[in-house]
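# Descriptive structure summary
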Amino acid sequence: MFSRLIYRNAKRSRKENLIYFATLVTAVASFYIILSLGRQDVILFLREFESDSIDKLLAQMPIVYLFALFLLFFLILFANQYQLNRRSKEFGLYLMLGMRKERLVLQLLAEGFITSILALIGGILIGGFLAEIISLTVSKLVGQGIIGHQISLSVGAIFFTIIGFLFIQLIALVILGGRLFNQEVHQLLYEQMDKKQDMGHVKGNVLHMLVGSVLLGVAYWIVLYRLMDFAGLLLFVALALGSLGTILFMKGFAKLLGLLASMFKHKSTKDLHTFTLRQFQENITNKSTSVAVTSILITLSIILIANGASTIIGFESAFSRHSSIYDFTVNGDNQKVEQFLTSEKMVPYVEDLNLLEIGEMKYQDERGEDDLPLSLVEWSELREQLIRALPNNYKEQILSGEMQGYDISSENPEALNLFGILEIDATTPYLIPESSYNGLLEAIGEKPLNLHSNEIALYFNPDFMPTDNLDSMPVLDSILEKAAKEGQSLMSINDQEVLIRPSIPMRGLVADSSVEIHSAFIVPDHMFEPLLDTETYALYWNFRIPQKMQDQQGLMKPMMEARDLLKSSGFEFESYLQNFGRQLFYVVAGSYTVLYMGFLFLMIACTVLALQFLTQMKQTGGRYVTLSMLGAKRHQMKKSMRRQVLWTFLLPMSLACVSGAVGIRAMIVFVMIRIEDNALLYPITFTFACIVIVFLVIYGIAVARAADHEIDKLRWKPNID
């Protein structure tokens, strides 16, 4: 009998409070997703290249897990408190019928255990499904087909999910069971009286709003203009001022809602206008702090979701072969490497084999007045032309000597980036023989350079030189074309005038990062050795996986096979997958955790708002009965209630959207959020807003339906409809 009572009550509780049960299921699913991260395809793939970084990332997951447990404990405690308040009369009746308090607490724990088991089953199933969807989606979006998907189930994630969830659920139920044990029968039967609403004085409430607005304004100003001052310490000041400002603003605004009710007297009875405002005011007045906290949580969720999503968007270019063309770069003894790469076992994996020779230009034999070696390069004419091409403000800074350092950035004019690189590199530039670069051009289907004996080409590494077009640099081309028409030489090397070839295709020189240079001079082969500083000479063998093999087997399998063969050879090498894996790790590390925390904050905020409204609805249910006696229709009361739900969610969300927009804007300005294409800024911002709004709408609809059900259960007079 007792076991059937427990099962029936647990089933009824889940049915009547679906929001509470859905919160438990979502919490379980979120635990599993974060704990199963190590089993996802992307992480397994990255272990091949970034094992140390991945281990450090996964070592942080228990901290995230414990933090999520800490937050969800208070959410579950709050949700269970709502359950206890809703069933207080039922518990009081059990005591009146002779049930002992110990047995009543045991019943509460047993019901919670059954609900927890069902939530665990549902949450783990949903979490496992979502983990697979996330893994598959990320693999498809950023893996370019090189990350194979395998269905996996993390036993460890299931175990720790069960242990952690049952632990916080047990503690919450024990705490609430203790409160239930200490309550008297009359307290349970008649519930506690509602708190008297302290509306304060109009002047005091206006002052609260003004002070809150000023604090928010100061916080916004710090975030937008002074965020990085004092090594970023002002960020904590801005957070403190913003949080306090939000609380004071909500407190003042909530108590001034009564003025709105009195301002529209002609609508006082129409659609229960005054009643709706008074109910809304009462719902948030003595709970203004919790409403402010939900607004802060929504703000944080907006910023975190924007940050996590932009990390993926910002590194989208890293997932394409933007400038890199080679799959492998091998260095070592020249003859031995060539012999190995042309051997029978390696030939199936090698296409477009090319030897890259590179080194720095030597200095003159004589020294200058400051006893420093003199450069063989004289490029004053080109330097002057680049200065002329600069915008006036940059030109004045360079000519006056005010600009001492140069930052290479996509936000700079092309002429400034060119000038900055050459100002540093042109003294002792790197040299690449024409034949080496022709091999690269041949691999991408371009014509060879065919340089004249007195002609060179300027190479700029597209990995470090921001450019929209890898085959053209408009400012440099216009300068060089003008000089060619006028028969002018802009540069000389070793006192010999040279011409500069405009517009050559720019691609990465190696597979990954063994050659990290900003620029180089591509010179005819006969010029390379005489100008070379032999101490800086280096050579690299580059090759690609044959396209036919990629079409048949994909890129992943042959690259792994080629990598294993190269490992057995003992030669030093690097692959495109290392670069890809490194960039992918940045995306995973920079997006997974912040997106998880963003959605967690959003779920907590929505659940608190939902349960807070339903608690108030339960406490004031008798007022709707009174309204029916005064002639109000049921559809009018439901319409009033739905407006209350709308305003309850809209109030914290409105302020959160403003604060979130300020936060996102600041993060873009200070390059914490990177969106290379400004045209995408507004669509992305709109998408973030829609995600949050959809989440809130789902909770709002669920709350409205639950409140409808509460109204339907009230004792109405017979002719209400």
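Just above, that's the structure.
As a starting point, this report considers the structure included with it. Keep in mind that what you see is a predicted model, and the values were worked out from it rather than measured.

### Examining the overall build of the protein chain
Broken down by element type, the protein chain carries 26 helices and 10 strands. Sequence separation of 24 or more characterises 85% of the internal contacts of the protein chain that already satisfy a separation of 6 or more. Total accessible area computed for the protein chain in this model is approximately 35,600 Å², and 59% of it derives from carbon and sulfur atoms.

### Section: the packing of aromatic side chains
One pair of aromatic rings is described through two measures. These are the centre distance and the angle between the planes. This model, assessed by the stated rule, comprises 13 aromatic pairs. The interplanar angle of 45 degrees and the centroid separation of 6.4 Å between the aromatic rings of F599 and F695 together place this pair among those described as tilted. Here F695 lies in helix α26 (residues 681–713) and F599 lies in helix α23 (residues 576–619), a separation of 96 residues in the sequence. According to the relative accessible area criterion, F599 is partly exposed, its value standing at 34%. Residue classification places F695 among the partly exposed positions, given a relative accessible area of 22%. Connected via pairs of aromatic rings, a cluster forms that spans F70, F73 and F74.

### Some points on the pairing of strand β2 (residues 351–360)
As paired strands, β2 and strand β9 (residues 538–544) are joined by six bridges and run antiparallel to one another. Paired with L355 across the strands is W541, a residue of β9.

### Side note on unusual backbone geometry
Positive phi, close to 60 degrees, is recorded for D352, a residue that is not glycine. Tracing the chain through its elements places D352 in strand β2. On the accessibility criterion, D352 (26% relative accessible area) is partly exposed. The backbone of N450 shows a phi angle near 55 degrees, a positive value even though the residue is not glycine. Relative to the elements of secondary structure, N450 occurs in the loop between α18 (434–443) and β5 (455–460). For N450, a relative accessible area of 53% puts it in the exposed group.

### Some points on the packing of helix α12 (residues 273–285) against helix α24 (residues 621–629)
α24 packs onto α12 with a crossing angle of 170 degrees between their chain directions and a minimal axis gap of 13 Å. Considering the angle they form, α12 stands roughly antiparallel to α24. Listed contacts from α24 to F275, Q279 and E282 of α12 are R623, Y624 and L627. Looking at the contact of α12 with α24 residue by residue, the class counts come to three nonpolar, one polar and two charged.

### Remarks on helix α17 (residues 414–425)
Given a rise of 1.5 Å per residue, 12 residues ought to cover 16 Å, and the 16 Å separating the end C-alpha atoms of α17 matches this to within 8%. Counting buried positions over the 12 residues of α17 gives nine, a clear majority of the element. Those residues of α17 that are buried are in contact with α15 (380–389), α16 (392–399), β5, α19 (474–485) and β8 (519–523).

### Description of the pattern of salt bridges
By the definition in use, this model includes six salt bridges. The partner of E455 in a salt bridge is R501, with the nearest N and O atoms 2.9 Å apart. Of this pair, E455 sits in strand β5 while R501 sits in strand β7 (residues 496–501), placing them 46 residues apart in sequence. Across the pair D564 and R563 runs a salt bridge whose closest N-O atoms are separated by 3.5 Å. Given a relative accessible area of 11%, R563 falls into the buried group.

### Some remarks on the side chain of N417
Tracing the backbone shows N417 in helix α17. Of the residues examined, N417 reaches a relative accessible area of 2% and is grouped as buried. In this structure N417 touches D407, I408, S409, N412, M465 and P466, once residues within four positions along its chain are discounted.

### What to know about a nonpolar patch on the surface
Together, F113, I117, L118, I121 and L125 make up an exposed nonpolar region whose accessible area comes to about 460 Å². Relative to the elements of secondary structure, L118 occurs in helix α6 (residues 101–142). In this structure L118 comes out as partly exposed when scored by relative accessible area, which is 33%.

### Observations concerning the nonpolar core
Judged by nonpolar contacts, the single largest core of 89 residues is most densely connected at F31, L72 and L600. Among the elements that take part in this core, α23 stands out by supplying 19 residues, more than any other. Residues from two domains meet in this core; each of domain 1 (1–192) and domain 2 (200–327 + 579–720) gives at least three. Here L72 is in contact with A27, S30, F31, I168, L600, M603 and I604, once residues within four sequence places are set aside. Counting residues in hydrophobic clusters, the runner-up holds 61 residues, among them I387, A426, M465 and I504.

### Concerning the side chain of N438
Within the secondary structure, N438 sits in helix α18. When near neighbours in sequence (up to four residues on either side) are disregarded, N438 contacts P448 and L449.

### What to know about the environment of L609
Summarising the element assignment, L609 is placed in helix α23. Each C-alpha atom, one on L609 and one on T294, is 7.3 Å from the other, the two residues being 315 residues apart in sequence. Setting aside anything within four residues of it in sequence, one finds L609 in contact with T294, T648, F649 and P652.

### Focus: the pairing of β9
Most of β9 sits out of view: five of its seven residues are buried. Of the pairings in the sheet, the one linking strand β1 (residues 328–331) to β9 comprises three bridges and is antiparallel in character. Bridging across to β9, F328 finds its partner in F543.

### Thoughts on the sheet that holds β2
Taken in spatial order, the 10 strands line up as β3-β6-β7-β5-β8-β4-β2-β9-β1-β10 in an open sheet, and their pairing is mixed. At either margin of the open sheet sits one strand with a lone partner, and together these are β3 (377–378) and β10 (572–575). Pairing of β1 with β10, which is carried by four bridges, proceeds in the antiparallel orientation. Paired with F328 across the strands is S575, a residue of β10. Across the sheet, helix α22 (residues 556–569) lies against β1, β9 and β10, angled at about 5 degrees from β1, the strand it touches most.

### Quick notes on the environment of T246
Its place among the elements puts T246 in helix α10 (residues 234–255). Separated by 49 residues in sequence, T246 and S295 place their C-alpha atoms 7.8 Å apart. Other than its neighbours up to four places away in sequence, T246 contacts L216, A292, S295, I296 and L655.

### Points about the packing of α12 against helix α25 (residues 634–669)
Put simply, α12 and α25 touch, their axes get as near as 9 Å, and they point 40 degrees apart. With respect to each other, α12 and α25 are oriented oblique. Crossing hand, α12 versus α25: right-handed. Contact residues: α12 offers F275, T276, L277, Q279, F280, N283 and I284, while α25 offers S640, R643, Q644, W647, T648 and L651. Counted by class, the contact of α12 with α25 contains six nonpolar, six polar and one charged residues.

### Focus: α18
The element α18 is largely enclosed, with a buried count of eight among its 10 residues. Inspection of α18 places E434, S436, Y437, N438, G439, L440, L441 and A443 among the buried residues, and these make up the whole buried set. Packed against the buried residues of α18 are β2, β4 (430–433), β5, β8, α20 (525–531) and β9. Downstream of α18 by a residue or two, G445 has a phi angle that is positive, lying close to 80 degrees.

Conventions adopted
Residues numbered from 1 in each chain as written. Predicted model: local features only at pLDDT ≥ 70, side-chain atom pairs only at ≥ 80, totals over all residues. Heavy atoms only, no water. Helix = DSSP H or I, 4+ residues; strand = E, 2+ residues; numbered from the N terminus. Contact = heavy atoms within 4.5 Å. Areas by Shrake-Rupley, 256 points an atom, 1.4 Å probe, with all protein chains shown as cover. Phe/Tyr/Trp six-rings, centres within 6.5 Å; stacked < 30°, edge-to-face > 60°. Buried < 20%, exposed > 50% of the residue type's maximum accessible area, 1.4 Å probe, protein only. Pairing = 2+ DSSP bridges. Axes fitted to C-alpha atoms, helices over the stretch in contact; angles between N-to-C directions. Parallel < 35°, antiparallel > 145°, perpendicular 65-115°, else oblique. Nonpolar A, V, L, I, M, F, W, Y, C, P; charged D, E, K, R; others polar. Expected span 1.5 Å × (residues − 1). Salt bridge = Lys/Arg side-chain N within 4 Å of Asp/Glu carboxyl O. Patch = residues over 30% accessible without salt bridge, like charges linked within 9 Å, V, L, I, M, F, W, Y side chains within 5 Å. Core = buried A, V, L, I, M, F, W, Y, C linked by side-chain atoms within 4.5 Å. Domains from an automatic or database assignment. Left-handed = near helix turned anticlockwise from the far one by under 90°.

Nothing here speaks to function; it is all geometry.
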